[in-house]
Amino acid sequence: METLLYAAELVHEDGTYKLVVQDVVRDTVQVTPVPKSAVDRLPTFLSVLTSKLGSTPARGHR
């Protein structure tokens with residue numbers, strides 16, 4: 001059984017990017033500004049993370 005612990009969204013608004021992370025267990029939300037350079041590198045980061053941790057089934061879009 002899956003238990004959702006955190007939910008994250010990357011939001012683009014008015015020319016800026018924000019990472020919004022919800023801690024589902026503690027019912028808190030943190031918002032952090034993210035530079036475009038980090039957003040551009042996100043696919044590479046995720047690919048490296050997947051290769052280091054091993055392949056896991058991808059979750060589909062909602």
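Scroll up for the structure.
Presented here is a report on the structure given in the accompanying data block. As the structure is a prediction and not an experimental result, all values here were calculated from the model.

Turning to the pairing of strand β1 (residues 6-13), a few remarks are in order. Counting buried positions along β1 gives zero out of eight residues, so the element sits mostly on the surface. Taken together, the eight bridges between β1 and strand β2 (residues 16-23) define a ladder with antiparallel strand orientation. For Tyr6, the partnering residue across the bridge sits in β2 and is Asp23. Taking the residues between adjacent antiparallel strands as the criterion, β1 and β2 are bridged by two residues, where Asp14 takes a positive phi near 55°.

Attention now goes to the environment of Val34. By the element assignment, Val34 lies in strand β3 (residues 28-34). A C-alpha to C-alpha distance of 9.7 Å links Val34 and His12, two positions 22 residues apart in sequence. Excluding residues within four positions of it along the chain, Val34 makes contact with Leu10, Tyr17, Lys18, Leu19 and Val39.

The next subject is the side chain of Asp23. Structurally, Asp23 is set in strand β2. The class of Asp23 is buried, set by a relative accessible area of 9%. Only 3.1 Å separates the side chain of Asp23 from the backbone nitrogen of Val25, close enough to count as a polar contact. Setting aside residues no more than four positions away along its own chain, Asp23 makes contact with Leu5, Tyr6 and Thr28.

Here helix α1 (residues 36-53) contains 18 residues, and its C-alpha end-to-end distance of 26 Å stays within 8% of the 26 Å for a straight helix at 1.5 Å per residue. The sharpest bend along α1 comes to roughly 45°, located at Leu42, with the proline Pro43 sitting one to four residues further on. Of the residues trailing α1, Gly54 is marked for its positive phi of about 95°.

In this section: the sheet that holds β1. The three strands are arranged β1-β2-β3 in an open sheet whose pairing can be described as antiparallel. Strands at the two margins of the open sheet, each flanked by one partner only, are β1 and β3. Taken pair by pair, the neighbouring strands of this sheet meet at an average axis angle of 20°, ignoring direction. Where β2 meets β3, seven bridges bridge the pair, whose relative direction is antiparallel. Note on β3: the bridge partner recorded for Asp23 is Thr28. Lying on the sheet, α1 is in contact with β1, β2 and β3; it crosses β3 at an angle near 105°.

Rules and cut-offs
Residues numbered from 1 in each chain as written. Predicted model: local features only at pLDDT ≥ 70, side-chain atom pairs only at ≥ 80, totals over all residues. Heavy atoms only, no water. Buried < 20%, exposed > 50% of the residue type's maximum accessible area, 1.4 Å probe, protein only. Helix = DSSP H or I, 4+ residues; strand = E, 2+ residues; numbered from the N terminus. Pairing = 2+ DSSP bridges. Contact = heavy atoms within 4.5 Å. Polar contact = N/O pair within 3.5 Å; in protein donor to acceptor, adjacent residues only side chain to side chain. Expected span 1.5 Å × (residues − 1). Bend = angle between axes of the 7 residues up to and from the residue. Axes fitted to C-alpha atoms, helices over the stretch in contact; angles between N-to-C directions.

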